[in-house]
Amino acid sequence: MAHQDDEADPGRHSTTTTEQGPFCVARCTCGWRGPARRARSQARTDAKNHTGE
């Protein structure tokens, strides 16, 4: 059986935001993590800037 990575496309960045108490953090499948933000919109902007979209 061939080896299969957890990521569907290893060269593609896939970001998410997660809640940590009163803060929201953007994270990427490449290991990048944005700063903790109180504003969800700012965490989403951090993620968007990371992926270049």
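Residues numbered from 1 in each chain as written. Predicted model: local features only at pLDDT ≥ 70, side-chain atom pairs only at ≥ 80, totals over all residues. Heavy atoms only, no water.

### Here's the deal with the overall build of the chain
Each helix and strand in the chain was counted, giving one helix and two strands. In the chain, the succession of helices and strands from N to C terminus is β-β-α. The contacts in the chain between residues at least 6 apart in sequence include a share of 12% that link residues at least 24 apart. With the model as given, the accessible surface of the chain reaches about 4,200 Å², and the carbon-plus-sulfur share is 45%. (Helix = DSSP H or I, 4+ residues; strand = E, 2+ residues; numbered from the N terminus. Contact = heavy atoms within 4.5 Å. Areas by Shrake-Rupley, 256 points an atom, 1.4 Å probe, with all protein chains shown as cover.)

### Section: the pairing of strand β1 (residues 15-20)
Two strands pair when backbone bridges link them, and β1 and strand β2 (residues 23-28) are joined in this way by six bridges, in the antiparallel orientation. In the sheet register, Q20 faces β2, and the bridge partner there is F23. The turn linking β1 back onto β2 is made up of two residues, and G21 within it adopts a positive phi angle of 65°. (Pairing = 2+ DSSP bridges.)

### Comments concerning the confidence of the model for the chain
Should the pLDDT be low somewhere, the predicted coordinates at that spot are not to be read in detail. Residues at a pLDDT of 70 or more form 77% of the chain, whose mean pLDDT is 84. Every residue in residues 1-7 scores below 50 in pLDDT, and together they form three contacts with partners more than four places removed in sequence or on other chains. (pLDDT = per-residue confidence, 0-100.)

### Examining helix α1 (residues 40-51)
Taking 1.5 Å per residue, 12 residues should reach 16 Å; α1 reaches 17 Å between its end C-alpha atoms and fits that length. All of the buried residues along α1 are A43, D46 and A47. Seen end-on, α1 carries its buried residues on one side only, within an arc spanning 95°. Those residues of α1 hidden inside the fold are in contact with β1 and β2. Note on α1: the residue one or two positions beyond its end, G52, has a positive phi of about 80°. (Expected span 1.5 Å × (residues − 1). Buried < 20%, exposed > 50% of the residue type's maximum accessible area, 1.4 Å probe, protein only. Arc of directions from axis to C-beta.)

### Quick look at the pattern of salt bridges
Counted according to the given criterion, the structure contains two salt bridges. For R40, the salt bridge is made with E19, and the minimal N-O distance between the two is 2.8 Å. Residue R40 is found in helix α1, and its partner E19 is found in strand β1; the two are separated by 21 residues along the sequence. The partner of D46 in a salt bridge is R37, with the nearest N and O atoms 2.8 Å apart. A residue is classified by how much of its surface remains accessible, and D46, at 11% relative accessible area, is buried. Judged by its relative accessible area of 27%, R37 falls in the partly exposed class. (Salt bridge = Lys/Arg side-chain N within 4 Å of Asp/Glu carboxyl O.)

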